[in-house]
Amino acid sequence: MSGSATLTPRRAPRVGSGAGPTGRRPRWSAGRITLLVIALVLTVAWLIPLAWAVATSLKPEGETTKTPLEWIGSRITFEAYSKVWESGDLMRWMMNSAYISVMTTVLTVLTCAMAAYGFTRTDFRGRKLLYGLVLAGIMVPPQVLIAPLFTEMVQLGLVDTYWGVILPQVAVPAMVFILVKFFEGVPRELEEAAFVDGAGRWRVFWTIVMPLSRPVLAAVAIFTFISTWNNFLWPFLVTTDPGGMTLPVGLVNVQSSFGVRYAQIMAALVIAGLPLLIVFMLFQRQIVRGIAHTGLAGQ
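A quick note: this is a predicted structure, and the numbers were derived from the prediction, not measured. (Residues numbered from 1 in each chain as written. Predicted model: local features only at pLDDT ≥ 70, side-chain atom pairs only at ≥ 80, totals over all residues. Heavy atoms only, no water.)

Caption draft 1: The arrangement of the overall build of the protein in detail. Regarding its fold elements, the protein presents 13 helices and zero strands. The order of helices and strands in the protein, counted from the N terminus, is α-α-α-α-α-α-α-α-α-α-α-α-α. Residues counted as buried form 34% of the 299 residues belonging to the protein. Long-range contacts, defined as pairs at least 24 residues apart, comprise 72% of the intrachain contacts of the protein with a sequence gap of at least 6. Approximately 19,000 Å² of the protein is accessible, and the part contributed by carbon and sulfur atoms is 67%. (Helix = DSSP H or I, 4+ residues; strand = E, 2+ residues; numbered from the N terminus. Buried < 20%, exposed > 50% of the residue type's maximum accessible area, 1.4 Å probe, protein only. Contact = heavy atoms within 4.5 Å. Areas by Shrake-Rupley, 256 points an atom, 1.4 Å probe, with all protein chains shown as cover.)

What follows is the structure in structure tokens.
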């Protein structure tokens, strides 16, 4: 009809479009711009050494100490990578690092999760004292424990074995603390309902608590894998057989054999760090979710 207004429904803002309640995008405040600038500066500060290492590894050896310094050499060559690869058993060392890192990660997640669950869900005499001792272990530098740990590995006959490298790295007080903070936020009603249905403590732990803890367990696993892969001091002390060395230890031995050759040193560093970059790129979302779910993000 003429003179009648046509009513059209107002469109709701799309989910994930970044619009606020009024349909407008959030304004760029001074605080947000400052945080963005700081993040960009930190990103550049982290990427410059990595880019320099890659660029140096691709230069001819004679141009690595050329002055003035140049980012790109006269030609791009992979000679440094081939020399490093030929100087040592890199594939064997990579397999050793992968096996040790995976086994350490699995055992750390299991033992720390069980310890954290015990501290948060069971009441026993001396629980607070024992938990306090675990927290005190966070403040003890790992270097202080190297001598007694090495003596223990010698007495157990675990020197130059995988288990001699793995077992001392399994007990991580910091991971127990992170998991305790997460388990304290898991609703007890879910477990009580399972107990009413006849489930035992172990079944509740494996079928309810562990599936609900996947974000934080993923973060703990990734952090443990990265730290184990990068660990140099303990594998260096407990392994003397070249066939049982991890990648960081083996690359140091290779570097000492060919002296100070910067292109080969940078090539070795790039080879050692490349697997970790791949792991971080594949699981960066799980890392962020794990940190957000631990309850430590705002502390």
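Caption draft 2: Representation of the packing of aromatic side chains in the model. The tally for this structure, following the rule as stated, stands at 10 aromatic pairs. Centroid distance Tyr117 to Phe205: 5.1 Å. Interplanar angle 50°. Geometry classified as tilted. Here Tyr117, found in helix α3 (residues 90–121), pairs with Phe205, found in helix α9 (residues 201–212); they are 88 residues apart in sequence, far enough to count as distant. For the pair Tyr117 and Phe205, a shared accessibility class is recorded, and that class is buried. Members of the aromatic cluster, joined through ring pairs, are Tyr117, Phe182, Phe183, Trp202, Phe205 and Trp206. (Phe/Tyr/Trp six-rings, centres within 6.5 Å; stacked < 30°, edge-to-face > 60°.)

Caption draft 3: Inspection of the packing of helix α8 (residues 188–196) against α9 at higher detail. Running from N to C, α8 and α9 cross one another at 145°; their axes reach a closest spacing of 10 Å. With respect to the hand of their crossing, α8 and α9 are arranged in right-handed fashion. Counting all contacts with α8, which are made through Leu190, Glu191, Ala194 and Phe195, the residues of α9 involved are Arg201, Val204, Ile208, Val209 and Leu212. Split into classes, the residues belonging to the contact of α8 with α9 amount to seven nonpolar, no polar and two charged. (Axes fitted to C-alpha atoms, helices over the stretch in contact; angles between N-to-C directions. Left-handed = near helix turned anticlockwise from the far one by under 90°. Nonpolar A, V, L, I, M, F, W, Y, C, P; charged D, E, K, R; others polar.)

Caption draft 4: Structural detail: the confidence of the model for the protein. The predicted model of the protein has a mean per-residue pLDDT of 79, with 83% of residues at 70 or higher. The least confident element of the protein, judged by mean pLDDT, is helix α12 (residues 247–258) at 72; the most confident is helix α6 (residues 162–166) at 90. Taken as a whole, residues 15–21 scores under 50 in pLDDT and shows eight contacts with residues more than four places along the chain or in a different chain. (pLDDT = per-residue confidence, 0-100.)

Caption draft 5: Molecular detail of the side chain of Thr246. With respect to the helices, strands and loops of the structure, Thr246 is situated in the loop between α11 (233–238) and α12. Leaving out residues up to four positions away in the same chain, Thr246 has contacts with Trp93, Ser97, Ile100, Asn231 and Pro235.

Caption draft 6: Focus on helix α1 (residues 30–57). With 28 residues, α1 should cover 40 Å at 1.5 Å per step; its first-to-last C-alpha distance of 41 Å lies within 8% of that length. Inspection of α1 places Ala53, Ala55, Thr56 and Ser57 among the buried residues, and these make up the whole buried set. (Expected span 1.5 Å × (residues − 1).)

Caption draft 7: How the structure looks around the nonpolar core. Leu179, Phe183, Val204, Val216, Leu217 and Val220 are the most contacted members of the largest nonpolar core, which totals 26 residues. Only α3, α4 (127–138), α7 (173–183), α9 and α10 (214–230) provide two or more residues apiece to this core. In this view, Leu217 contacts Val109, Ala113, Leu179 and Met210; residues no more than four positions away in its chain are not counted. Within the second largest apolar cluster, 22 residues are counted, among which are Tyr81, Val270, Ile271 and Ala272. (Core = buried A, V, L, I, M, F, W, Y, C linked by side-chain atoms within 4.5 Å.)

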